[in-house]
Structure formats: structure tokens, C-alpha cells
Amino acid sequence: MSGEAATGQVARIVDDGSVFAGEQRSLWQDAARRFSKNRLAIGGLVIVVLFLITAVFGPHVAPYDFLEQNIMNAFQGPTLEHALGTDDLGRDVFSRMLHGARTAALVAFFTTFISLVIGVAVGAWAGIQGGRTDELLMWISDLIQAMPGLLLVILINTTLRRPIINWFDQLYMQTRDPFFLNTLWLDYVLVFSALALIGWPGLARLIRGQVLSINEEDYVVAARALGCSELHIMLRHVIPNALGPLVVAVTASMGGAVTLEAGLSFLGIGIQPPNASWGSMLEEGRRLWQVFPHLMLIPAATIGVIQVAFVFLGDGLNDALDPRRTG
Amino acid sequence: MATFLLIRLLRWTAGMFLILFVTYAMMFYGAGDPIRMMFIQGEDFDSEDEVVMLALRKKYGLDEPFIVQFTNYLNKLFRGDWGRSIRLQVDRPVIEMVRFRLAISMQLGLAATAIGAVAGIALGVLAALYHNRILDRLIVSSVLFINGIPIFVTLPMLLLLLVLQLKLIDVPYGWSGLFHIDAALPVAVIAIGILPILVRQTRSAMLEVKGQQYVTTARAKGVPEQWIILRHMLRPVLTPVITTLGLVMIGLINGSLFVEYILNIPGFGLLTIEGIKKVDYPIIMAVAVVGTLIIFVSNFLVDIIYPILDPRVRAQ
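These numbers were taken from a predicted model, which means no experiment stands behind them.

Enquirer: Hey, could you run me through the overall build of chain A in this one?
Expert: Each helix and strand in chain A was counted, giving 10 helices and three strands. From first element to last, N terminus to C terminus, chain A shows the α and β order β-β-β-α-α-α-α-α-α-α-α-α-α. Burial statistics for chain A: of 327 residues in total, 41% are counted as buried. Sequence separation of at least 24 residues holds for 67% of the intrachain contacts in chain A that already meet a minimum separation of 6.

Structure (C-alpha cells):
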């Protein structure tokens, strides 16, 4: 809706049809303006930022060790010593929640990172190659997207966990390297990989679409004529153009990873004890929920609030980064 | 048209085989030896046990190489022999278990779909009619809110509210038929789970239809507004809503997984979790077969129904 004048001034047609010449604003300034008007999205952003800060610093300021048990103090309601009470083993719920935040954030970050790498690579490859390669890759991504993701993740997690742990045992037997003895982090890696496996197709479609639409642009044809490599075109033209939708997709992916991880742990499949996860805390709280409702309420409410925050943030970003909107 | 459908059918069938193959391979090389687990959980064996285990492996056909096992499995699958449960309910035919469990989940799912579809389409139409007014904003943000909250949070929260705080209902537990009061909460929660997709799709389709000239024409001719909505707008709106069937099915599967697990309803979702936790090969495979079948059949149905409902697609 805007025609650019040579002076750097932009003639704008505002929604009501009137025309005014204003200062030129970049896409990002425009987006920031639109975003700041959306109160729900701002609220979402604040909560997500708080969540990330908690994930980084929370475990360091936690009042208790999240594994410290004290059976004498089990099942306390909120008190001065234990802000959110204690669980069935007398562990401090607040400290465990802080650790759960780190678990959730780690899963969100790594899952999104891995899906982003695979998604961009596959999407670019499909878009550039075209033809058979494109068809095959998009067929696979369609398949994965059509399946219920949770079911796939459950299958992958349950079937692959045991052999990998056995394999590490064998490696330890052969090498006696203590690295292979500690397998607690393997749960995390498995969850990241399984979630990334169902996460990449959406991003791949996005990038592929961008590659296809931009390949016809004059400046890309010119760049190619000048001898620029496909990698250069990818990094300099395709990704910057797709940045808006990518930001939205990344937010959605992070939120989705947090939900899926909590869901997996809730079913007893994801991150295993003694590692703390909100999902497994919810599951533990469910056992005696009628007697000690706070043990179920706290993790459930936290997961709900974080999820809603991610959704509102994503929705706000989606509206703000859509260049067809003005105002 | 026929070639289009044939290609789609081929794509979905090939996809189904690929998924079954991968699942079987993951279990064959992954999951661990179910016979060994059947005996002792990773403890020591005496030689006698080893002999019995060999015999059992032979009985279940678990001593054959991978490709042989997989083709055998497919062969039997088509003949209706889905194997027997190894650990969950030892020796019970899996197809019997699946039939029993699926019947319960399908009742839940159909009831939830009916409620979700009526409520979702009505809310979507309302939101579009009051576009950019308070009612629209309210519906859109509530749907966004509901969409954010996972089902394993919604259900515990509702339990706390309805059972502990308001003391409205007893804890619903297990399955006593669809028309028992205990079925109300699970149906409602699953319906809430699929609501956002339906509201969103209906609303955007309705917004598109709203400005069409034939609607204005009808209005100019003095057709009553309700009549315009019901006769002129709803049909073109319902067509794109049908395409969400695949997503709705995913919502139903996810929903039944958690709802049945939490409320201990012996449906297909609970069978899935029990089978996976006990590493019961035939059950896990059956879950994969039924799950992919549901998804692919519903996607293929959309491929068939869509051109029937939308003449523009047919023309292409």
C-alpha cells in the first residue's frame, strides 16, 4: 500500500483512504509498532521472557536442592520455608519447578534449533533441486505432518531409548571411559531428536515456498548471473525474506516443544526421574490430587500459563510481521 | 479427476506402508526383547529359562530374520490375524482387544466431534458476522486461549474445579457407557480440544463469503438475514471446514490418549499407552496400523469429498 518516493519519504494510503507523507519506517519498526499495540501479545512476551530468565538463573537461586528429600516434611502445603509446599518425598516443590523450567527451556531451544537446521536444509534443497527430489522430500514431510505427532514421538522414544542405553553400556565396558557411564542426559537428547523429527516439515515447507517464489525475482536472477552460489543466495536473499514467517514459526515450535515434552513426561515416556520436568511433576501430583490438590495445581497451572503466553506471543508476532497490514 | 484420485490413493497407501515398515523396524531393532522382559525384568536367568524363551520366541515368530517377520506380519494383517498380545493380556488376540477398545474411543470421539462441530461452526459464524466487534474479539481470543492449553492441563484443572471446588460431580473413572454421567467430562474435554481448528476455519471461510456479490444480491432482493446465512452462506463455508478432517482426527487421537489415561477409560488411547509401556510388539504395531489408517482414510476422504462439494475444484 505504499509507494516509495526518491527523497526517502513515503506516501502512505492509510486505512481510511487518506494519503499522507510520513517518515520512512522499516519493516521491523512497523512490526514493533503494531506489536506494542497488542496487549495480549505484550503479556505473552513478558511471560515468555520471564520463563527464559527463570530457566537460566532459577536453579541457581533455588532455596533447596531439587533432589533433596525429607520424608518427615512430605506433603506440606505452602509454608514460609517451602513457598509452594513439598511433594510426596518431602522435596521442595518451588525448587523443582525452577529446575523444570530449565528442562522445558532446554527442550524448547534444542528442539527448535535442530528442526530449524533440518528444515532449512531440506526446504532449500527441495526448492533448489525441484523435480523428483522435491516431490520425494515433500511427500515425506506431508506424511510426517499428517500423522499425530505425539504418537510418533512416543514410538520413537520408547523404541530407541533402550538400545541406545545398552549401546552406551557396551561402550563403557569396552573403553572404561566414565563418559559412557552417565546416561541421564541421553533422555534429553532423545526427546530433542524425536521432537525435531516431527518439527522440521513445517519449517521445510516454509523455506521451500520462499525459495520457489524468490527464484523468479530479478535480483536473484542477477545475483546468479554474477556467479553467486546457491548458498550465498540462500543466506543473503531467501532467509532474510522469510524472516518474518520464520520468527513466527520458531515461536510456535518452541511453545509446541514445551507442550509435547510435558505431555511425554506426563505419560512417563519423556525425561525420566530424577530429572525434574513439569510433566512428570503433574503426573506425580495426580496420584493423590484429591488430598493434596496443590501438587497437581502448581505444575498444571504453570504449563497452561506458559503455553497461553507462547500462543499469544506467536499470534501477535504473526499479525505484526505481516507486511500487508499497516498502522 | 479419476487419475488425480488414483495418484492420491497411491501416495497415501505408499505412505502407510512406509510408516508401518519404519515402525516395525524400530521395534525389531529397538524396543528390546519382549520375551526376556516377560520373564524377569533384566535379572539373571538359568539355562532352563533360556530354553523356554527360545520356544516362546519360536511360537510368536520372533526368531525369524527381519524381512521374513515383516512380510509374515503384513500377510497375516490382511487376513485379519493381528497376532496375540505378548504381555498385556497374554495370548489374547490383538484384533479382539483393538475392536473392544476402539469401540469405546469411537463413541467418545463421535460424541466429541458432533458437539465440537456444532459449537465450533456456530461460534465461527457468529465471530464472522460480528467481524472486528467485541463478540468477534472475544471468540477469537478465547479460542486462542483454549488452543494454547494442552489437554493434560485442561482436564486436571477441570477436575480440581468441578470435583474439589464446586463439588458438582464425582470423580469420573472408568467407562460405564456413553450416556452415563461419567462420560460427560471426557467428551467435553475432547470436544474443547478440536474446537479451535473448527472455529478458525469457519470464521475465515465465512469472512470470505460475506463480501460475495450473490450475498448482497440476495439481501437486495429482500431475503431474510437468517435465510441468507443458512441457505446462501453456510454451504460454501462448510466446504473448507471439511478439509480440517485430518486435523480433527489428530485432535481426537491426542485427546483420547490423555483423557483415557487420566480417567482410566479402557479405550484405544489407554491401550496405546499400556502396550508401549509394556513393550507389547503386536499391540504397538496394531496401534500404528489403526492410527495411520484413521489418518490416511480421513485425508483420502477429504480428497474425494472436496471436489464433490466444490465445483471449482472439479473443473480443474
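Enquirer: How do you make sense of the overall build of chain B when you look at a structure like this?
Expert: In terms of regular secondary structure, chain B is built from 14 helices and zero strands. Principal-axis analysis of the C-alpha atoms places the extent of chain B at approximately 90 × 60 × 30 Å. In chain B, which comprises 316 residues, the proportion classed as buried is 34%. Intrachain contacts of chain B at a sequence separation of at least 6 include 74% that bridge at least 24 residues.

Enquirer: Can you walk me through the interface of chain A and chain B in this structure?
Expert: Size of an interface: often given as the accessible area lost when the parts come together. At the interface, 37 residues of chain A touch 38 residues of chain B. Those elements that provide at least two residues to the side of chain A that touches chain B are helix H4 (131–146), helix H5 (149–175), helix H8 (230–266), helix H9 (278–286) and helix H10 (294–320) of chain A. When residues in the side of chain A that touches chain B are grouped by element, the largest group, 11 residues, is from H10(A). Residues that form the side of chain A that touches chain B fall into these classes: 26 nonpolar, eight polar and three charged.

Enquirer: Looking at this model, I keep getting lost on the environment of B:Val163. Mind explaining?
Expert: All names here are of chain B. Within the secondary structure, Val163 sits in helix H7 (residues 151–165). Remark: the alpha-carbon pair of Val163 and Leu309, spanning 146 residues in sequence, is separated by 45 Å. Ignoring sequence-local partners within four residues, the contact set of Val163 consists of Ile169 and Val171.

Enquirer: Hey, could you run me through the confidence of the model for chain A in this one?
Expert: Detailed reading of the predicted model is not advised wherever pLDDT is low. Residue and element names in this part refer to chain A. Scored by pLDDT, chain A comes out at a mean of 79, with 83% of its residues at no less than 70. Across chain A, helix H3 (residues 93–129) holds the top mean pLDDT of 88, while strand S1 (residues 2–4) sits lowest at 40. Within the model, the stretch residues 1–10 combines pLDDT values under 50 with 15 contacts to residues more than four positions away or in other chains.

Enquirer: Mind showing me how you'd approach H9(A) here?
Expert: For an α-helix, 3.6 residues make a turn, and residues three or four places apart therefore share a direction. Across the nine residues that make up H9(A), a large majority, seven, are buried. For H9(A), the complete set of buried residues consists of A:Trp278, A:Gly279, A:Ser280, A:Met281, A:Leu282, A:Glu283 and A:Gly285. As for H9(A), its buried residues are in contact with H3, H8 and H10 of chain A together with H7 of chain B.

Enquirer: What should I look at first to understand helix H1 (residues 2–29) of chain B in this one?
Expert: Look at H1(B): 40 Å from first C-alpha to last across 28 residues, which is about the 40 Å you get at 1.5 Å a residue. Residues of H1(B) that are buried: B:Gly15, B:Ile19, B:Thr23 and B:Met27. Turning to H1(B), the residues buried within the fold contact H4 and H5 of chain A together with helix H13 (281–309) of chain B.

Enquirer: How do you make sense of the nonpolar core when you look at a structure like this?
Expert: The tendency in soluble globular proteins is for nonpolar side chains to be buried side by side. Residues A:Val153, A:Leu195 and B:Val259 are the most contacted members of the largest nonpolar core, which totals 145 residues. Per-element tally for this core: the top contributor is H8(A), with 15 residues. When near neighbours in sequence (up to four residues on either side) are disregarded, A:Leu195 contacts A:Val107, A:Thr111, A:Val153, A:Ala257, A:Leu260 and A:Glu261.

Rules of the game
- Residues numbered from 1 in each chain as written.
- Chains lettered and ligands numbered in written order.
- Predicted model: local features only at pLDDT ≥ 70, side-chain atom pairs only at ≥ 80, totals over all residues.
- Helix = DSSP H or I, 4+ residues; strand = E, 2+ residues; numbered from the N terminus.
- Buried ≥ 20, exposed ≤ 12 C-beta atoms within 10 Å, placed from the backbone.
- Contact = placed C-beta atoms within 7 Å.
- Nonpolar A, V, L, I, M, F, W, Y, C, P; charged D, E, K, R; others polar.
- pLDDT = per-residue confidence, 0-100.
- Expected span 1.5 Å × (residues − 1).
- Core = buried A, V, L, I, M, F, W, Y, C linked by C-beta atoms within 7 Å.

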